[in-house]
Amino acid sequence: MEVASKSSAYRARWFEFLTPTSKRWRLLLGATVWVIFFGLWEMAVLWGWVNTLLVPSPLEVIRTLYELFAERGFLSDVGISIARILGSFLVACTLAIPLGILMGSFKTVEAFFNPFVSAWRYLPAPAFIPILLMWFGTGELPKLALLFLGVIFFLITLIMDHTSQVRAELIETAMTLGGQRWQILWTVVVPAVLPNILTSMRQMLAIAWTYLVIAEIIASTTGIGAMMMRARRFLHTDEIMAGILIIGILGLAFDVLFRWLQRVLFPYLDQEGH
Amino acid sequence: MNMLDEDRMAQSSPSACPPPTDTPKLRLANVSKSFHVPRGEAIEAIKDVSFTTLENEVCVLLGPSGCGKSTVLRMVAGLEQPSSGELMLDGCPITGPSQERGMVFQAYTSFDWLTVQQNVEYGMRLNHVPKAQRRERARHFIELVGLSRFAGAYPRHLSGGMKQRVAIARTLANEPAILLMDEPFGALDAQTRWQMQELMMSIVESANTTILMVTHDIEEAIFLADRIEFMSRHPGRVHEEIIPSFKQGRRLRHKEELIGLAGYGDLERHILHLMRAQGGEDFEH
Ligand SMILES: Nc1ncnc2c1ncn2[C@@H]1O[C@H](COP(=O)(O)OP(=O)(O)OP(=O)(O)O)[C@@H](O)[C@H]1O
Ligand SMILES: [Mg+2]
């Protein structure tokens, strides 16, 4: 069986340093691990290694997922969760992007905001849940606030770091071409850092999912997390697992979306390595 | 905005200055620069550097590593403030970076998100040159550096030498009073390097610009320079001003011509001696 090389005279081995694999092989290998995972799971259920009340079979989970969507209006729960994520994330980004860029560009701005921002980063956002519930009751606000708090300070710091790493020569070139500060900010710093901002957003969106589920499990009657907590009360493990599955799928979908955006928005970058 | 104002950011305006008479283009008088490093003594990078450059002259700063060539150039660019002394361009004190003093760096500075054409237009866009004029002038300079075929390409498709040609075209298209270059060919291979040197000579002839250039390549200095300021270090000073008079004021087109000229070998030997006297100490302790 050939792995990396087409020429049979040249040695082809499964494990080789610094040798890329073909796209077909990557897909096949990637799919294989999932097949093994679900295979083992299905086997464990079939042969009675586990209590089916606690661990339903994967086929059962998928059937439940279909039922949830088709008969039980799960779509609105999913929609609510997505809306919460996007809403709070959007607010966080509109604040973090300009602030992070300014902090990374001008030392005075950094000196003013950074002690504050980095202190907040060490406070885990869930620590605020009790107080948020007291302040905002049980509406949408405490959930959005938790997501916002969980994301904003890391996002600011990431964007600030990327901005301060914009190469000095680029800025100095623009200076000696006669650029004013705000011109340079808009025409050099921002375009130079934009691809990295998108990457930071992709990373922080994954974190936002974590806080969303926490918020919905603790204090919500709607959304994916709330559905899972309801299912727990009735010992519907298949529904809980269907919820986990859909969270995973959505997370992956957003990741793919961001990678696609990266390619579309920044075609001038050499993206082979990403 | 005011909170962010710093002296080095101040843009020098050419309007309020006396008209150029027979004053030199660029004049440095007793310029010194110390760097303050945290928890250490101040490093005196250059001390009492004085020299002048005439209009349309190619002036080369030559010297061993660490003698302060880049520091001098960055002060002329307005990117660094002198600790003392005076820097004047066309009789005007230099107070900060300006379009009049365009700089080409050794590191590649093409803007990745702009095409070659847009890169070359960039400076003119900053200075609000009308679109049609911008496009035309960019086209002219892109042709001058031989990149017409690549006008629509993004920098990632260009070789190192081509990126430097974009940087040179971008700076020239912005019509600086003086072109500053800090080892612009330092990262290039030998072949590309002499091709770029010959390209520079043809540009000097057609574009009529004053150039202040840093290098530590002796041959490059002799080939390009009308005037060489040889610097020594610890602290950095102008050790000797050398006019390569064997060229008899001619500008050479090809590097072969240089080898043939009487006097070239002597000058190269002389500079090598200076370099050796300067550069040896690093290896002694
Ligand atoms: N920002 C800085 N902070 C502290 N010291 C500096 C700084 N810039 C330069 N120096 C010091 O000033 C001296 C001159 O440096 P400079 O870079 O001007 O030399 P150079 O002649 O350009 O050297 P090279 O040929 O290696 O580029 C060196 O001793 C260097 O350590
Ligand atoms: Mg240098």
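Residues numbered from 1 in each chain as written. Chains lettered and ligands numbered in written order. Predicted model: local features only at pLDDT ≥ 70, side-chain atom pairs only at ≥ 80, totals over all residues. Heavy atoms only, no water.

1. A look at the pairing of strand β4 (residues 84-89) of chain B
Residue and element names in this part refer to chain B.
Next up, step 1: Pairing of strand β1 (residues 26-35) with β4 involves 5 bridges; the strand directions are antiparallel. Across the sheet, residue Ala 29 finds its bridge partner in β4, namely Glu 86.
Next up, step 2: Of the pairings in the sheet, the one linking β4 to strand β5 (residues 92-93) comprises 2 bridges and is antiparallel in character. Bridging across to β5, Leu 89 finds its partner in Cys 92.
Next up, step 3: Where β4 folds back on β5, the antiparallel hairpin that results is connected by 2 residues, among which Asp 90 adopts a positive phi of roughly 50 degrees. (Pairing = 2+ DSSP bridges. Helix = DSSP H or I, 4+ residues; strand = E, 2+ residues; numbered from the N terminus.)

2. Some points on the environment of B:Lys131
Residue and element names in this part refer to chain B.
Next up, step 1: Tracing the sequence through the fold places Lys 131 in helix α3 (residues 131-144).
Next up, step 2: Taking relative accessible area as the criterion, Lys 131 reaches 52% and is therefore assigned exposed.
Next up, step 3: Spatially, the C-alpha atoms of Lys 131 and Asn 56 are 29 Å apart, while their sequence positions differ by 75 residues. (Buried < 20%, exposed > 50% of the residue type's maximum accessible area, 1.4 Å probe, protein only.)

3. A few points about unusual backbone geometry
Residue and element names in this part refer to chain B.
Next up, step 1: Cis geometry marks the peptide bond from His 234 to Pro 235, where omega comes out at -10 degrees.
Next up, step 2: Positive phi, normally seen in glycine, also occurs at Asp 48, with a value near 50 degrees.
Next up, step 3: Assessed through its relative accessible area of 38%, Asp 48 is described here as partly exposed.
Next up, step 4: Within the chain, Glu 183 stands out as a residue other than glycine whose phi angle is a positive 40 degrees.
Next up, step 5: By secondary structure assignment, the location of Glu 183 is in the loop between β7 (178-182) and α5 (190-207).

4. Describing the sheet that holds strand β9 (residues 227-232) of chain B
All names here are of chain B.
Next up, step 1: Strand order in the open sheet made by the 6 strands is β6-β7-β8-β3-β9-β10, with mixed pairing throughout. On the outer flanks of this sheet lie β6 (101-104) and β10 (237-242), each paired with one strand and no other. Between one strand and the next, the sheet's axes are offset by a mean angle of 20 degrees, whatever the strand orientation.
Next up, step 2: In this sheet, β9 lies alongside strand β3 (residues 58-62) in parallel orientation, the contact comprising 4 bridges. Bridge pairing links Val 60 to Ile 228 in β9.
Next up, step 3: Contacting β3, β6, β7, β8 (210-215) and β9, helix α1 (residues 69-77) crosses the sheet at an angle of about 150 degrees to β7.
Next up, step 4: Together, β3, β7 and β8 form the strand contacts of α5, whose direction differs from that of β8 by roughly 160 degrees. (Axes fitted to C-alpha atoms, helices over the stretch in contact; angles between N-to-C directions. Contact = heavy atoms within 4.5 Å.)

5. Let's talk about the pairing of β10(B)
Across a regular strand the side chains alternate sides, sitting on one face of the sheet and then on the other.
Residues and elements named next belong to chain B.
Next up, step 1: Inspection of the sheet shows β9 paired to β10 by 5 bridges, in the antiparallel sense. Looking at the pairing, Ser 232 lines up with Arg 237 of β10.
Next up, step 2: With antiparallel pairing between neighbouring strands as the criterion, β9 and β10 make up a hairpin whose turn holds 4 residues, including His 234 at a positive phi of roughly 60 degrees.

6. Re the UniProt feature "transmembrane region" (unreviewed entry) in chain A
Next up, step 1: In the UniProt entry, the feature "transmembrane region" (unreviewed entry) is given for residues 27-50, 82-106, 118-138, 144-161, 182-201, 207-228 and 240-261 of chain A.
Next up, step 2: The annotated region residues 207-228 of chain A carries 77% helix and 0% strand content, and the separation between its end C-alpha atoms amounts to 19 Å. (UniProt positions renumbered as here; feature names shortened; annotations may be inferred.)

7. A short note on the interface of chain B and chain A
Next up, step 1: Every contact between the two is made by 34 residues of chain B and, on the other side, 26 residues of chain A.
Next up, step 2: For the pair chain B and chain A, the two sides together bury roughly 2700 Å², of which 63% comes from carbon and sulfur.
Next up, step 3: For B:Arg74, the salt bridge identified is with A:Glu172, shortest N-O distance 2.7 Å.
Next up, step 4: One can count 8 residue pairs in polar contact (both at pLDDT 80 or more) joining chain B with chain A.
Next up, step 5: Taken together, the elements giving at least two residues each to the side of chain B that touches chain A come down to α1, β6, α2 (116-126) and α4 (160-173) of chain B.
Next up, step 6: Residue classes in the side of chain B that touches chain A are distributed as 16 nonpolar, 11 polar and 7 charged. (Buried area = accessible area lost by both parts, 1.4 Å probe. Salt bridge = Lys/Arg side-chain N within 4 Å of Asp/Glu carboxyl O. Polar contact = N/O pair within 3.5 Å; in protein donor to acceptor, adjacent residues only side chain to side chain. Nonpolar A, V, L, I, M, F, W, Y, C, P; charged D, E, K, R; others polar.)

8. Regarding the packing of aromatic side chains
Residues and elements named next belong to chain A.
Next up, step 1: Counting across every chain of the model gives 20 aromatic pairs over all chains.
Next up, step 2: Taking the centre distance of 5.2 Å and the plane angle of 20 degrees together, the rings of Trp 120 and Phe 153 count as stacked. Here Trp 120, found in helix α4 (residues 107-121), pairs with Phe 153, found in helix α6 (residues 140-164); they are 33 residues apart in sequence, far enough to count as distant.
Next up, step 3: Trp 120 sits in the partly exposed class, given a relative accessible area of 26%.
Next up, step 4: Take Phe 153: its relative accessible area is 10%, and that puts it in the buried class. (Phe/Tyr/Trp six-rings, centres within 6.5 Å; stacked < 30°, edge-to-face > 60°.)

9. Description of the UniProt feature "domain: ABC transmembrane type-1" (unreviewed entry) in chain A
Next up, step 1: UniProt records the feature "domain: ABC transmembrane type-1" (unreviewed entry) for residues 78-258 of chain A in the present numbering.
Next up, step 2: Secondary structure content for residues 78-258 of chain A is 86% helix and 0% strand, and the end C-alpha separation is 20 Å.

10. Describing the site of ligand 1
Residues and elements named next belong to chain B.
Next up, step 1: Around ligand 1 lies a shell formed by Phe 35, Ala 45, Ser 65, Gly 66, Cys 67, Gly 68, Lys 69, Ser 70, Thr 71, Glu 183 and His 216.
Next up, step 2: Contact distances for ligand 1 include 3.2 Å between an oxygen atom and a backbone N or O atom of Cys 67.
Next up, step 3: Within the side chain of Ser 70, one N or O atom sits 2.7 Å away from an oxygen atom of ligand 1.
Next up, step 4: Coverage of ligand 1 by the protein chains reaches 63% of its 630 Å² of free accessible surface.
Next up, step 5: Of the residues forming the shell around ligand 1, the biggest block, 3 residues, is contributed by α1.
Next up, step 6: Classifying every residue of the shell around ligand 1 by side-chain character gives 3 nonpolar, 6 polar and 2 charged. (Near = heavy atom within 4 Å. Areas by Shrake-Rupley, 256 points an atom, 1.4 Å probe, with all protein chains shown as cover.)

11. Re the state of the cysteines
Residue and element names in this part refer to chain B.
Next up, step 1: Enumeration according to the criterion identifies 0 disulfides over all chains in this entry.
Next up, step 2: Left without a disulfide partner, Cys 59 is nearest to the cysteine sulfur of Cys 67, which lies 13 Å away.
Next up, step 3: Of the residues examined, Cys 59 reaches a relative accessible area of 0% and is grouped as buried.
Next up, step 4: Take Cys 67: its relative accessible area is 0%, and that puts it in the buried class. (Disulfide = S-S within 2.5 Å.)

12. Considering the pattern of salt bridges
Note on pairing: side chains with opposite charge can pair once their charged atoms come close.
Next up, step 1: Taken as a whole and assessed by the stated rule, the structure comprises 27 salt bridges over all chains.
Next up, step 2: Notably, a salt bridge pairs B:Glu220 with B:Arg193, separated by 3.3 Å at the nearest N-O pair. In this pair, B:Glu220 sits in helix α6 (residues 218-224) while B:Arg193 sits in helix α5, placing the two residues 27 residues apart along the sequence. Neither residue differs from the other here; B:Glu220 and B:Arg193 are each classed as buried.
Next up, step 3: Salt bridges here are not isolated pairs; linked through shared partners, they connect A:Arg84, A:Glu140 and A:Glu216.

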